[in-house]
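Residue strings, one per chain:
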Amino acid sequence: MPELRTELEQVNKKKLDADKEYTARYEELKKKWCEQNELVLAIWRGLKCSYPRWEEYIKSCVCAELSKVRKEDLRIACREEIKGRFEAARDRAKARHDLAKEAAAAWTGAVKAISDQLNANGKLIDEISKLAATEDRHAAIYRFWFKLLVAHARIRPETKCFEIPPTEHPDNLCPPEKLDSSRDCDKYEPPPKASSGCAVPTPPEPPQPPADWPLADPWLIDPKKYAARIDCAYDDYLKAKEALGAAQRCFIENTDDLKAVKANRDSLWANLQSAIEKCLKDSSGKGCCEKEDEAKQPQDTDCADTDANQTKGA
């Protein structure tokens, strides 16, 4: 694959420059994160002190409103479930491919990505700190736990300084609602073609609340591990690219999107009469009338013989 070879050659060239830049800037970026971490922990303790019932407020206000948005997401997901199994598998592979490609590119440009995130986090810290001195200080609850804390934790270095437990991650405070589909579409799904070699894809498992604070792509990784992490990111991207190719091939060989199903239905309707008439012809043979004539023929012969005998007797 010439295109892939060219892409990897470009990546290797970029990796050398990226490694030098990241190694040179790592301590600066880590220092900035650590400074922000002290401010984040101070806000965290201050909010808990000001709002001892902070969890109740999150449940009754944040989770309740967030649930409305998530239910709309589920309505969309439920309609997307109408997709054929191979169509859905192809789309999942495409989504994984796009994320892996984006992550690989982000790791190559880690300095800019992390620096931009630190700047954004700094603005949030200032915003939340100013809210504490106003009548709108209650707004800090949502902005801290559901915006700043997640973004801050996602780029954290390997350190014990970040002491906020993962039980306070938004998806643990307000667990995502599971898709409850009552439709049984599987019974209408045809099996894959015997020649395709494509197994029937299984749907993904529902997301589980995180056991730890998830990390972003990229995060503040040790500079000694940085170049290897770029290689891993591109390895993940190549695997996702290969999986996408396989999923696309299986979809083409077992096309099951709505357009293809409708086309097949229209074809069946167009050929319905001829298919029925052929079946009737094959099932009925010569026809009922011809069978009745054949059944009567031996009786007619016996009658003729009887008449001939009666004539001879006369």
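Up top you'll find the structure we're talking about.
All values derive from a computational prediction rather than experimental measurement.

**Brief notes about the overall build of the protein chain**
Moving on, step 1. What the protein chain contains, in helices and strands, is ten helices and zero strands.
Moving on, step 2. Along the protein chain, helices (α) and strands (β) appear in the sequence α-α-α-α-α-α-α-α-α-α when read from the amino end.
Moving on, step 3. The buried share of the protein chain, taken over its 314 residues, is 31%.
Moving on, step 4. For the protein chain, the proportion of contacts with a sequence separation of at least 24, taken over those separated by at least 6, is 89%.

**With respect to the side chain of Asn254**
Moving on, step 1. Mapping Asn254 onto the fold places it in the loop between helix H7 (223-253) and helix H8 (258-270).
Moving on, step 2. Using a relative accessible area of 7% as the deciding quantity, one classes Asn254 as buried.
Moving on, step 3. With sequence-adjacent residues up to four places away left out, Asn254 is seen in contact with Phe86, Pro192, Lys193, Ser196 and Cys198.

**Looking at the layout of surface pockets**
Moving on, step 1. Taken as a whole, the second largest pocket holds about 180 Å³ of empty space.
Moving on, step 2. Taken together, Phe86, Ala89, Arg92, Ala93, Arg96, Ala199, Pro201, Ala243, Ala246, Ala247, Arg249 and Cys250 make up the lining of the second largest pocket.
Moving on, step 3. Mapped onto the lining of the second largest pocket, the elements with two or more residues apiece are helix H3 (85-108) and H7.
Moving on, step 4. A per-class count over the lining of the second largest pocket returns nine nonpolar, no polar and three charged.

**Brief notes about the side chain of Glu87**
Moving on, step 1. Assignment of secondary structure puts Glu87 in helix H3.
Moving on, step 2. Of the buried charged residues, Glu87 lacks a salt bridge, with Arg90 as the closest side chain of opposite charge at 4.4 Å.
Moving on, step 3. A polar side-chain atom of Glu87 sits 3.2 Å from the main-chain amide nitrogen of Gly84.
Moving on, step 4. What Glu87 contacts, discounting residues up to four positions off in sequence, is Phe251, Asp256, Asp257 and Leu258.

**Thoughts on the nonpolar core**
Moving on, step 1. Ranked by size, the top nonpolar core spans 52 residues in total, and within it Tyr22, Ile58, Phe144, Trp145 and Ile164 carry the most contacts.
Moving on, step 2. A per-element tally of this core places helix H1 (residues 2-50) first, with eleven residues.
Moving on, step 3. When near neighbours in sequence (up to four residues on either side) are disregarded, Tyr22 contacts Ala110, Val111, Ile114, Trp219, Leu220, Ile221, Asp222, Pro223 and Tyr226.

Rules used throughout
In every chain, residue numbers begin from 1 and rise along the written sequence. A pLDDT threshold of at least 70 governs which residues receive local features in this predicted model, and a stricter bar of 80 or more applies before side-chain atom pairs are shown or counted, although totals over entire chains, interfaces and linings include all residues. Hydrogens and water molecules were not included; the side-chain quantities draw on all heavy atoms of the structure. Secondary structure elements follow DSSP: runs of H or I no shorter than four residues count as helices, runs of E no shorter than two count as strands, and numbering proceeds from the N terminus. Partly exposed residues are those whose accessible area sits between 20% and 50% of the maximum for their type, while under 20% is buried and over 50% is exposed, using a 1.4 Å probe and protein chains only. Note on contacts: a residue pair qualifies if any of its non-hydrogen atoms lie within 4.5 Å across the two residues. The pocket and cavity definitions rest on a 1 Å grid over protein atoms only: a 1.4 Å probe that fits but cannot leave marks a cavity, an open set with protein on both sides within 12 Å along at least five of seven lines marks a pocket, and residues lining either have an atom within 4 Å of a point. Grid points are joined across faces, edges and corners, and a volume is the space filled by probe spheres set on the points. Each residue gets one label: Ala, Val, Leu, Ile, Met, Phe, Trp, Tyr, Cys and Pro are nonpolar, Asp, Glu, Lys and Arg are charged, and the others, such as Gly, are polar. By the counting scheme adopted, Arg and Lys are positive, Glu and Asp are negative, and His together with the chain ends is not counted. Counted as salt bridges are all cases of a side-chain nitrogen of Lys or Arg within 4 Å of a carboxyl oxygen of Asp or Glu. Any pair of nitrogen or oxygen atoms within 3.5 Å is treated as a polar contact; in protein, a donor-acceptor pairing is required on top of that, and neighbouring residues in sequence qualify only through side-chain atoms on both sides. Here, the term nonpolar core denotes a set of buried Ala, Val, Leu, Ile, Met, Phe, Trp, Tyr and Cys residues that are joined through side-chain atoms within 4.5 Å.

Spatial relationships are all this shows, so hold off on functional conclusions.
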